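# Analysis of the macromolecular model
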Amino acid sequence: MSENVAILGLGTMGSGMAANLLKVGFPLSVYNRTRTKAQPLIDAGARIASTPAEAVKDASVIISMLADDVASREVWLGENGALAAAKKTAILVESSTVSPAWIAELAKQAEQRGLDLLDAPVTGSRAQAEAGQLSFLVGGKDTTLEAATPVLRAMSKEIVHLGPIGSGAKMKLINNFLCGVQVASFAEGLIWIERSGLDREKALSILKTGAPGSPLLGAISARMVSQNYTVNFLLKLMTKDLLYAQNEAELSNVDLKTAEVARSLFAAAIDQGFGDQDMSSVIEPLRKK
């Protein structure tokens, strides 16, 4: 592979994405605030950069995978930011779960520099990122996506072009809204099971194989039962996603009442110190009641 790629952000998702790019031979530069997470990638052949600007200077495709609007803005537009340093032919790919409003602003800034942006958040968590089995939800121009596809394909099982810029961000928020509500409601349901006198394993088997069942419920139930909260999806990020979803839905005159309730449960878990654990730990404050 001859195209140079840069990845900005090596959290739960970015590290796995970067590793898969290296596996198929893309020359890769990475930037992360802390070097520790970058070391395995450096050992595998990645070049570590001390700033976003340094990471992107030779990159044909620049991918950002960060926590929120604030982090994304800082990496793209802050001091030593990626946007000002990107070469004129680079394709920008914002894969973070951010607000459509920020995507619109970033796209405008990119256009002013003659650069094309794709908003391409992903579905999947740590396991899918490590296995190269993510799904990209893409907004942007057909021609831009076509040019970026070889890079995205190395990290994914599916690339879905949803429409113009901002379409991916909207779809991702709808996806995470539904996930967050399911996780919160299942936490309440599992507490009910545990206190009801029912056989927990039999009850869970009925739920997982019946109408409420889903891949998410299966994974989340195992983590809640074992109380293993190794991060697949950070609890504090789901709280943020629910807020972004509420704000975006309001623009379409939709009041996400269930998101508000779910977000209150996640916020309570953050208050009790679970923000940096897996989102399944939302159940723990309920267990303490």
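Before reading further, recall that the structure is shown in the block above.
Definitions and cut-offs
Residues numbered from 1 in each chain as written. Predicted model: local features only at pLDDT ≥ 70, side-chain atom pairs only at ≥ 80, totals over all residues. Heavy atoms only, no water. Axes fitted to C-alpha atoms, helices over the stretch in contact; angles between N-to-C directions. Helix = DSSP H or I, 4+ residues; strand = E, 2+ residues; numbered from the N terminus. Left-handed = near helix turned anticlockwise from the far one by under 90°. Contact = heavy atoms within 4.5 Å. Nonpolar A, V, L, I, M, F, W, Y, C, P; charged D, E, K, R; others polar. Patch = residues over 30% accessible without salt bridge, like charges linked within 9 Å, V, L, I, M, F, W, Y side chains within 5 Å. Areas by Shrake-Rupley, 256 points an atom, 1.4 Å probe, with all protein chains shown as cover. Salt bridge = Lys/Arg side-chain N within 4 Å of Asp/Glu carboxyl O. Buried < 20%, exposed > 50% of the residue type's maximum accessible area, 1.4 Å probe, protein only. Core = buried A, V, L, I, M, F, W, Y, C linked by side-chain atoms within 4.5 Å. Expected span 1.5 Å × (residues − 1).

With that out of the way, let us pick up the packing of helix H9 (residues 167-196) against helix H10 (residues 200-209). Where H9 meets H10, the closest approach of the two axes is 10 Å, and the angle between their N-to-C directions is 145°. Viewed along their axes, H9 and H10 form a crossing whose handedness is right-handed. Between H9 and H10, the contacting residues are Phe186, Leu190, Ile193 and Glu194 on the first element and Arg200, Ala203, Leu204 and Leu207 on the second. Classifying every residue of the contact of H9 with H10 by side-chain character gives 6 nonpolar, no polar and 2 charged.

On to a nonpolar patch on the surface, then. Taken together, the side chains of Leu162, Met171, Ile174 and Leu178 make up a nonpolar region of the molecular surface, amounting to roughly 340 Å² of accessible area. Along the chain, the position of Met171 falls in helix H9.

On to the pattern of salt bridges. In total, this model carries 12 salt bridges according to the counting rule given. For the salt bridge of Arg200 with Glu194, the shortest nitrogen-to-oxygen distance reads 2.9 Å. Take Glu194: its relative accessible area is 31%, and that puts it in the partly exposed class. A salt bridge links Arg200 to Glu201, with the shortest nitrogen-to-oxygen separation between them at 3.9 Å.

Counting 33 residues, the largest nonpolar core has Val183, Met224, Phe266, Met279 and Val282 as the members making the most contacts within it. Those elements that place two or more of their residues in this core are H9, helix H11 (215-226), helix H12 (235-250) and helix H13 (257-271). With 9 residues, the single largest contributor to this core is H9. Sequence-distant contacts of Val282, defined by excluding residues within four places in its chain, comprise Val183, Ala187, Met224, Leu235, Leu265, Phe266 and Ala269.

Here we take up H12. When the terminal C-alpha atoms of H12 are compared, their 23 Å separation across 16 residues agrees well with the 22 Å that a helix rising 1.5 Å per residue should span. If you check which residues of H12 are buried, you get Leu235, Met238, Thr239, Lys240, Asp241, Leu242, Tyr244, Ala245, Gln246, Glu248 and Ala249. Check the buried side of H12 and you find it contacts helix H4 (69-77), helix H6 (100-112), H9 and H13.

Geometric values such as these leave the question of function open.
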